[in-house]
Each structure stands twice: as C-alpha cells, then as structure tokens.
Amino acid sequence: MTSHGDYEPSPFRRIRDQVARYEATDGREGGTLEDRPVIILSHRGAKTGKLRKTPLMRIEYNGGYLAVASYGGAPDHPVWYYNLLAHPLVEVRDGATSRAFRAREVSGAEKAELWKTADAAWPHFPEYRARTDRELPVFVLSPTPDQETSDARDQP
C-alpha cells in the first residue's frame, strides 16, 4: 500500500478538513482530538479501490498501532473497517512520517487484552462499547517486513 493513486476525500467535511490540515502541517494542525494525538490511516476502498484517508486515535502497540473501528459507538461499522478487511495493506502517517503496515483484526483473549491499551489511549472507548450492541472491531497494524521509514513530504 502506498499513498499513490486516485484519492477520494471523505464525504464528511470535518474528516476531509482534518486530513488536509494534518497533511499540510505534518500533524502540527489537525493532529489531536481532545489533546490526544491522532494518525492518518490511508487505505483502499473495498468497492472502488480508491485511496481513502481516515484520522484515528494514535494508539502505539508493539512497533505498530492499534486501530479501533468504534465509529463513536454507532450501530454500524465505519466504512474503513470493510476497506481493511478487503485490503489489509495500509499506510499510517504519524506526523511527517509515513510507513506501510498490514492490518489484522483481532478477537478473543488477544482483543480483550488489547482493550487495556486502547482504553488508556482514548478513554471514550468504554462508553462507545456500552452505547452499541455491535462488537467494536480492533485491528493490529504491524509494519510490513520490508518497511522503511520515509518522510511523507517526499511522497506525491
């Protein structure tokens, strides 16, 4: 997964604007939510194949990140959840640095253990879980084997 390709901005203005600010300033603007850091997850659309970008809470884990498809506790999964299932190779922009990762959905005891890390990073996750009947998906984003760190400003 690279950041190359036909980019389709979010239909949601808040997300579209946050991604644009984040990318224009290497995360100095648009890089937090309630004073907690966010990353930009780039992923391919499951149906369109177009490049999508989603701001998510920055939850570092084991040399990579966790991605929680909470959608604020809404009754449905966010669209990016289906994109990661269809196209697990993603890119994470953390400040000025972009790196490639492979997304893997977790379950069972592993997921229960990872909730501790996720809840510490974003204290609203427990209320989101209480707000919905659906199981909130959690992904581990692991660096790809041939991963090299690159400066996002050098990428088109």
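Just above sits the structure.
Residues numbered from 1 in each chain as written. Predicted model: local features only at pLDDT ≥ 70, side-chain atom pairs only at ≥ 80, totals over all residues. Heavy atoms only, no water.

**Side note on the overall build of the protein chain**
The secondary structure content of the protein chain amounts to four helices and nine strands. For a compact globule of 156 residues, the expected C-alpha radius of gyration is about 15 Å, and the protein chain comes in at 15 Å, within 12% of that figure. Its C-alpha atoms give the protein chain principal-axis dimensions of roughly 40 × 35 × 30 Å. For the protein chain, contacts bridging at least 24 residues in sequence account for 68% of all contacts bridging at least 6. (Helix = DSSP H or I, 4+ residues; strand = E, 2+ residues; numbered from the N terminus. Rg over C-alpha atoms; globule rule 2.2 N^0.38 Å. Contact = heavy atoms within 4.5 Å.)

**Some words on the environment of Leu 51**
Here Leu 51 is to be found in strand S3 (residues 51-57). We classify Leu 51 as buried; its relative accessible area is 1%. (Buried < 20%, exposed > 50% of the residue type's maximum accessible area, 1.4 Å probe, protein only.)

**Here's the deal with the side chain of His 124**
As for its placement among the helices and strands, His 124 is situated in the loop between helix H3 (108-121) and helix H4 (125-131). At 2.8 Å, the side chain of His 124 and the side chain of Glu 34 are in polar contact. (Polar contact = N/O pair within 3.5 Å; in protein donor to acceptor, adjacent residues only side chain to side chain.)

**Structural notes on the nonpolar core**
Ile 59, Leu 66, Val 68, Trp 115, Ala 118 and Phe 125 are the most contacted members of the largest nonpolar core, which totals 20 residues. Counting residues per element, the ones that place at least two in this core are helix H1 (13-25), strand S2 (36-44), strand S5 (64-68), H3, H4 and strand S8 (138-143). No other element matches H3, which puts four residues into this core. Dropping the residues within four chain positions of it, Ile 59 is found in contact with Gly 64, Tyr 65, Leu 66, Val 68, Thr 117, Ala 118, Ala 121 and Phe 125. If you look at the next biggest cluster of nonpolar residues, it comprises 15 residues, including Ala 67, Trp 80, Phe 101 and Phe 139. (Core = buried A, V, L, I, M, F, W, Y, C linked by side-chain atoms within 4.5 Å.)

**Let's talk about the pattern of salt bridges**
All chains considered together, the criterion is met by 12 salt bridges. Arg 131 is paired through a salt bridge with Glu 127; the nearest N and O atoms lie 3.2 Å apart. Taken together, the residues span about one helical turn, with Arg 131 and Glu 127 both in helix H4 at a distance of four residues. What you see here is one network of salt bridges that share partners, running through Asp 6, Glu 8 and Lys 50. (Salt bridge = Lys/Arg side-chain N within 4 Å of Asp/Glu carboxyl O.)

**What to know about the packing of aromatic side chains**
All chains considered together, the criterion is met by six aromatic pairs. Ring centres 5.7 Å apart and planes at 55° place the aromatic pair Tyr 81 and Phe 139 in the tilted group. A residue pair is termed long-range when its members are at least 10 positions apart, and Tyr 81 in helix H2 (residues 79-86) and Phe 139 in strand S8 qualify at 58 residues. The pair Tyr 81 / Phe 139 is uniform in exposure class, with both members buried. Consider the rings of Phe 125 and Tyr 128, whose centres lie 6.1 Å apart with planes at 75°: the pair is edge-to-face. Of the two residues, Phe 125 and Tyr 128 are both situated in helix H4; the distance of three residues between them amounts to about one turn of the helix. Of the two residues, Phe 125 and Tyr 128, neither departs from the other in class, the shared state being buried. One aromatic cluster in this structure is built from Trp 80, Tyr 81, Tyr 82 and Phe 139. (Phe/Tyr/Trp six-rings, centres within 6.5 Å; stacked < 30°, edge-to-face > 60°.)

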